[in-house]
Structures are given as structure tokens and as C-alpha cells.
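Analysis of the macromolecular model
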Amino acid sequence: MNNNPQINRDGELQHLLTTEGLPISVLLKILDTAESFVGVTERDIKKVPLLRGKSIFNLFFEPSTRTRTTFEIAAKRLSADVVNLDVAASSQSKGETMLDTVNNLSAMHADMFIVRHSQSGAAHLIARHVKPGIHVINAGDGRHAHPTQALLDMFTIRRYKKDFHSLRVAIIGDILHSRVARSQIHALTTLGVPEVRVITPKTLLSNKVERLGVQVYHDMAQGLKDVDVLLMLRLQNERMLGARLPSAEEYFKYYGLTQEKLALASQDAIVLHPGPMNRGVEIDSAVADGKQSVILSQVTFGIAVRMAVMTILMGN
Amino acid sequence: MKIHIKNGHLIDPKNGIDVIKDVFIAAGKVVAIGAEPSNFKASRVIDAKGLLVFPGLVDLSVRLREPGFEYKATLESEMKAAVAGGITSLACPPDTDPPLDEPGLVEMLKHRAKSLNQAHVYPIGALTQGLKGERLTEMAELHDAGCVVFGQSDAPFINTRVMMQAMQYAATFGFSVWLRPQDVSLANSGVAHDGEVATRLGLPAIPVCAETIALSTIILMARETGARVHLCRISSAEGVSMIRAAKKDGLTITCDVAVNHIHLSEMDIGFFDSNCHLVPPLRSLSDRDALRIGLMDGTIDAICSDHTPVDEDAKLLPFGESEAGSTGLELLLSLVLKWSLEMKIPLISALAAITTEPAKILDIDVGHLSLGAIADLCIFDPNQYWNVEATVLRSQGKNTPFLGIELQGKVKYTLVNGSIVYEN
């Protein structure tokens, strides 16, 4: 149970469930493969026949438009057949268990499942129970992981910053509930980023997070000093309902990214955000649309990175 | 029936016996140890050469799942599992459906258990009606029906005042109150220890202070009310320190730990192993080590199996949605042996934590092999190895973190009231 379930005995990637424990060679292979797909997505005919005849099921137990769409586009550009299943609205409400749903779809000769679920570990559970030869990509499980998002962030960083070994990276926002942050931290530390910081109030921090190899800051002025890459996290509105934060306004004042705060970072720092953005909560429009923002590039590269992951998995 | 157990290595923690001696049983009692009484005609001779003979185990927390949860386990299946694990007396928490809050339910359970003629069952009565933490049960009536002690299982009180009154009322009759310290609002909907693993896996967490804050309330209230308090399933190093200090101050409290928690830590969750979803959560390695030390220095009095059979479907879910608990009746003895070997503790001391000490906590006259004692005993081969597999477990619950692991020590015979109820 303790071995990394996404890699087989020969060190090949079978599933993409988390960035934790992925060898650097695998990470780099994904990023390099994605480079070759960026060209495809910029062509007039945006299609390659690599996955022709393959069936890919988008299995979303939690609603998501954006992530599901990017996976769908990526699969279609690889000429695969894509089936979108909004499971939250169908079988689950009829009482079918998650594994029964997966078994039923496997019987329809699925080659790959792209899974989104509100519970941490859902993708691992599915990966453990699918037949050999069926691949699982985790498109977000609870607070645990969102590996393709982290990989497209790494791809974007590499495009703008070249060398990971000289970077200071700050992740800003709701670390406690963020699957994106966890996947980013593992990817950044594996790729050799020497300094990864997290900046957040104590109510949005996860206990012992420094064991993942990050430094914790609670003050934006200190945390942003000399930072080259700012990874913003989305702040969910429901965080304001409990006692974690008093108001969106106070959060924005102390942790929202404005031009003034951005000026504290390195001059050529870049700003990333996984979307969808809450303008005026975690990020000011002037920054989101400003010249240091690479947020729209992330979206474009996201397709290429997901094409790369699908191609590599199907080849193994 | 007269039974002669010969050539066995007799271990009786209460009487400090740890030598090869024969045991003679007649009319359900131990009638002689060592030399054969005159005119003793054994109808059965058990050759226990190379085997250990000790009092049957007393387990302080066994969920039999009846009434209400028969799809998870039945009284029959779990009583068979108990004797297969060498357990001859067991206390069952009141969290059945309906909870054990009425004399009729308790009488029914006692009667059903008795008719199965296996281990002795000691129901823990509910402290509050429906375990809702709001209104007291008829404790004296429940006691007459067969409840030996009273508890809340994992259910909270609606406020501290009810808790205090429950303890005062129990103290009126001298009844022992069993509580698992947990502040419900701090535990919230957590499923794992608030530490490195929950952070890594993104699991909702239960901080140590959920245990220690509740513990300090219970300790202060035990002092205030004079109630006899037993603390169930302690899980943290800080909790152990607080109990140690309270005992040093002269407070008469007792405490148990679940056997999984002296072996495992949060690390064993690995990649979301739902068999490691337990209540209380498996905590850090240093917490586990403190529990081990606490047992050795007497801060923790007893080890229980915290047997909680869960059906397979309820474990085949993402970690946070899976049902907590593990099967334990048939693993308790092997896991206590493993602990004693790892910590280099004499077996006689280790066995005290599952015989003499829990019997004292329950205030029942079992767990020893004095002359005239009820002949509840276990004959055990410490050198036989076995694999923990679903097919070998008699319990209906196959859920354990030790699934697939090889363990040492196998029960050969279990005797209750001088009758052989299990033989392997």
C-alpha cells in the first residue's frame, strides 16, 4: 500500500494521481512532450492521430466546466473519442457506488478515466480497482491533488523562467483546502526549486506543511521579497461563512495581490492563477490583466500539457 | 466435566505465576494447580507441552453490532471470533441501534449471549437516553438488568452540565463512568490526525487538542464529582502525560488504549488505506511511542481490541467517506505478544494488560487462575505463525490494517466456565 501506485515495476507511469513521488525524469518527460504539442495547438488543423480509436471517459463526480473542457479539447486534438459523464447528476443520485460506476464503464471498453471527485483519495481508489491497461488521470480529488494543474504551472514557469534551480516561488492563499497547492509544492521541490514559500493566514494553513519542504510566511511584505514566481490560489467564498476569515474585504487588504504588493517581489516576477479568479478577493484586476500576469498562457499551455500526459500514459 | 491441562507453561499475572504447572478443572472452576488432587478422574486431558496456559482475555471494547447492525456482524459470528482470539469476557459499548439505554434491551442481549454459551458479555449501559447526551438513563435499573458500567461511546454530551450531572448521578450508586475524551467541535468532521500525513493527503484533520481539552474537562470533573472514571482509547502523547500527572496527584482514574494504536501511526495510512481509518485517529510516531511507554509505566492500565466490524462496501470508499474501525478480536493476543517482544517486556506483564487489569476496571472476578476461580482460560502456541487473511477470520468484519501481515501466536484452546468452547 505504501509504494507509489501510479508507477509500475518498470518505472513507467500507469496513472497520474499526484505529483508526489514522481521522479524528475517523468516530470521532465511530460514537460518536454508538452512542448511538442504547443505547436499543434497553434496550427490551423489542430489535430494529431495519436490516440485514434481510444475511448476516454470524463468522469466528474464534482461539477467542473473549465477542467473538464480542457481535458475534452486535449483528448479531441489527439483524435480520441471522448465521453463526458456528469456522474453527480446521474448514477450517484440513484445510489450506485463510485466503483460500480467505474466497473460499468470499464465494461464499455474504456481506455482512460479522467476523474474529479470531492473526496481526497478517490482517484487512488479507482486506480487500484480498474483492470490493468486502463489508465486514470486525477483531475482533482478533494483537498489532495490536482497534478495536471501543477504540471501546466511548471510548464508555464519553465517557459518564462528557464531554470528552476535559481527560483524563489511563493504560493499565496488557502493552502489548507487547496489540492492545487499540494501538487505544486511536490512538483516544485522535485524540479529543484531551492525556495518555496507559502503565504497565508494561520486559519488557512495545514499543520506541519513545512515538512513538505516549504517556508511559511504570514506577512505579504516579507513573503514576497525577491520572489520570482507568484502562484495565487482561489479563495472559495464559503471560507467566509465559518470562522476562518472575517470578510473578503479584510482578506483582500492583507493577502490580495495588488500592484503595490507585487512591486515587493522581483522586478520580473510572473503571476499565475489556476482560475477561476475572484477579482477583488485574492487578486486585483490590475494585476490579473497586467503585464506580469501569465494567466492566459496557463490556459493555452494546459491543453498541451494534458495532451502530453494522455499520450505518455497511453504509450505505457 | 473434569479437565486436566498438563505440561503447560502457566502464566497468571495476578498471582505472579510463571512456571510449567498442570491445571485441574472441575465443575467450571480451577480446583488444583500443580499436583493432581486425589480421586481426580479427568474426562479430558489436554497436553499443553510447549504451550502457554493463561487466564482468558478480558476485552474492554467489543462492538457486537447487535441489535441494529446485523449486516455488519451478528452476535453468533462475533462471539465465535472472541473465543477464537482467546477472549472469555468482553464489554460491549452501548452504540447499538437502538442504543443500550433500556433494561429490556440489556436483558435481551445478556440472554442471547448466554444462550450462545461462549464468552461472558458485559454490556456498557448508555449514560444518556439514546446516547443523545441530553437526559440521563435509568442507570440503577440498567445495572439491575446487567450493565456493569456506563458510557457515552463516541457520542457527545450536549453540554458540560449534563456531563457533570451524569457523573454525579453515577457516583451516587458507585457506578463507573467510561468516557472517550474528544471535543466534538474541535474534531469536527476530521478523519485523520492533524499532522504531516493529513496535510500530504489533504484529509480533514483532528488535532491533538480535541483529545486533551476534553481530557482536562473529564479529569477536573472526576475530581469535582468523585465519580469513578475510566478513560477509553487514549491516542496522544500529551493525553498520556495528563493522565500520568492526574494519577500522581492521587486521582483514581483508569485508562485503556486500542491495540492498533500501540503498533501503528498516521504513516500507515500510506496512500489512503481505509483500513487505517480508525477512531480515534492513528497519530504520529512519537504519540505511538508515548502510548507504549504509558503502558509500561502503568499510566495506561489496559489494552483493548476496540473491535469494530465494518462491511466491505463501507471500506471501499474514498478514505473520508469510508466507515471508521477495525476488526480486532482475533488479532488482540498476537498483537500484544508482538508488542511484548518488540519492547522486551516479560509476557506476564504484557498479559496483565489484557487479563487482570481490565478485570479490575470492570470490577469482575475473572482474569486470574487462583484456586476456586472460574475456569476461563486460554491455551496458546506462541510459536505458531499465521497470516491475517479474510478467510481465516471468524468475525464478519475483515477490516484490519494488518490484513496480509504475518503474525505470531495462535490460540489452541479456549475454555469458558470450564468447558472447551474453542479448539484448533
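Since this is a predicted model, take the numbers as computed values, not measurements.

Examining the pairing of strand β16 (residues 253-258) of chain B
In the case of a regular strand, side chains alternate between the two sheet surfaces. Residue and element names in this part refer to chain B. Within β16, five of the six residues are buried, which leaves it mostly tucked inside the rest of the structure. Note that strand β15 (residues 228-231) and β16 share three bridges and pair parallel. Residue pairing for β16: Val229 is matched across the bridge by Ile253. Since β15 and β16 lie parallel, the crossover through helix α8 (residues 237-248) that links them has a hand, and here it is right-handed. Bridge count for β16 against strand β17 (residues 302-304) is three bridges, and the pairing is parallel.

Observations concerning the sheet that holds strand β7 (residues 52-55) of chain B
Residue and element names in this part refer to chain B. Pairing in this open sheet of six strands is mixed, and the strands run β3-β2-β7-β18-β19-β20 from one edge to the other. Strand pairing shows two members of the sheet lacking a second neighbour, β3 (17-20) and β20 (419-423), which therefore form its edges. Pairwise comparison of adjacent strand axes, ignoring direction, gives a mean angle of 25 degrees for this sheet. When β7 meets strand β18 (residues 377-387), the two strands line up antiparallel, connected through four bridges. Note on β18: the bridge partner recorded for Pro55 is Leu377. Each of β18 and β19 (406-416) touches helix α11 (residues 332-343); the most contacted strand, β19, lies at about 125 degrees to it.

A look at the sheet that holds strand β7 (residues 215-217) of chain A
Residue and element names in this part refer to chain A. Pairing in this open sheet of five strands is parallel, and the strands run β7-β6-β5-β8-β9 from one edge to the other. Strand pairing shows two members of the sheet lacking a second neighbour, β7 and β9 (270-272), which therefore form its edges. In this sheet, neighbouring strand axes are inclined to one another by 20 degrees on average, regardless of whether the strands run parallel or antiparallel.

Things to note about the environment of B:Leu90
Residue and element names in this part refer to chain B. Locating Leu90 in the fold gives a position in strand β9 (residues 87-92). For the pair Leu90 and Leu136, spaced 46 residues apart in the sequence, the C-alpha separation amounts to 24 Å. Beyond its immediate chain neighbours, meaning those up to four positions away, Leu90 contacts Asp59, Val62, Ala82, Ala119, Val121 and Tyr122.

Concerning the interface of chain B and chain A
Taken together, the contact between chain B and chain A spans 19 residues of the former and 24 residues of the latter. Looking at side-chain class alone, the side of chain B that touches chain A contains eight nonpolar, five polar and six charged residues.

Observations concerning α11(B)
All names here are of chain B. Taking 1.5 Å per residue, 12 residues should reach 16 Å; α11 reaches 16 Å between its end C-alpha atoms and fits that length. Among the residues making up α11, those that are buried are Leu332, Leu333, Ser334, Leu335, Val336 and Lys338. Two residues or fewer past α11, Lys344 is found with a positive phi of approximately 55 degrees.

Here's the deal with the confidence of the model for chain B
Predicted confidence across chain B gives a mean pLDDT of 97, with 100% of residues reaching 70 or more. Across the assembled chains, the prediction reports ipTM 0.94 with pTM 0.95.

Comments concerning the packing of helix α1 (residues 75-84) of chain B against helix α2 (residues 103-116) of chain B
Residues and elements named next belong to chain B. Contact pair α1 / α2: the axes reach a minimum separation of 11 Å and the direction vectors enclose 55 degrees. What the angle tells us is that α1 and α2 run oblique. Viewed along their axes, α1 and α2 form a crossing whose handedness is right-handed. Here Leu75, Glu76 and Met79 of α1 come into contact with α2, specifically with Arg112, Ala113 and Leu116. Residue classes in the contact of α1 with α2 are distributed as four nonpolar, no polar and two charged.

Considering the environment of A:Met307
Residue and element names in this part refer to chain A. Mapped onto the secondary structure, Met307 falls in helix α11 (residues 295-315). The class of Met307 is buried, set by 29 C-beta atoms lying within 10 Å. For the pair Met307 and Glu72, spaced 235 residues apart in the sequence, the C-alpha separation amounts to 9.9 Å. Beyond its immediate stretch of four places on either side in the chain, Met307 contacts Phe37, Ala74, Arg77 and Leu78.

Points about the nonpolar core
As a rule of thumb, nonpolar side chains are buried together in soluble globular proteins. Counting residues in hydrophobic clusters, the biggest one holds 234 residues, and the most contacted among them are A:Phe113, A:Leu230 and B:Val177. Here this core takes 10 residues from α11(A), the largest share from any one element. Excluding anything up to four places from it in sequence, A:Phe113 contacts A:Phe57, A:Leu59, A:Val102, A:Ile126, A:Val130, A:Ile134 and A:Val136.

Brief notes about the packing of helix α1 (residues 24-42) of chain A against α11(A)
Residues and elements named next belong to chain A. In the contact formed by α1 and α11, the axes pass within 7 Å of each other and the chain directions differ by 120 degrees. The orientation of α1 with respect to α11, classified from their angle, is oblique. The crossing of α1 and α11 is right-handed. From α1, Lys29, Ile30, Thr33, Ala34, Phe37, Val38 and Thr41 reach across to α11, where they touch Thr300, Phe301, Ile303, Ala304, Val305, Met307, Ala308, Val309, Thr311 and Ile312. Among the residues making up the contact of α1 with α11, the classes are represented as 12 nonpolar, four polar and one charged.

Cut-off values and rules
- Residues numbered from 1 in each chain as written.
- Chains lettered and ligands numbered in written order.
- Predicted model: local features only at pLDDT ≥ 70, side-chain atom pairs only at ≥ 80, totals over all residues.
- Buried ≥ 20, exposed ≤ 12 C-beta atoms within 10 Å, placed from the backbone.
- Helix = DSSP H or I, 4+ residues; strand = E, 2+ residues; numbered from the N terminus.
- Pairing = 2+ DSSP bridges.
- Right-handed = clockwise from strand over helix to strand, strands pointing away.
- Axes fitted to C-alpha atoms, helices over the stretch in contact; angles between N-to-C directions.
- Contact = placed C-beta atoms within 7 Å.
- Nonpolar A, V, L, I, M, F, W, Y, C, P; charged D, E, K, R; others polar.
- Expected span 1.5 Å × (residues − 1).
- pLDDT = per-residue confidence, 0-100.
- Parallel < 35°, antiparallel > 145°, perpendicular 65-115°, else oblique.
- Left-handed = near helix turned anticlockwise from the far one by under 90°.
- Core = buried A, V, L, I, M, F, W, Y, C linked by C-beta atoms within 7 Å.

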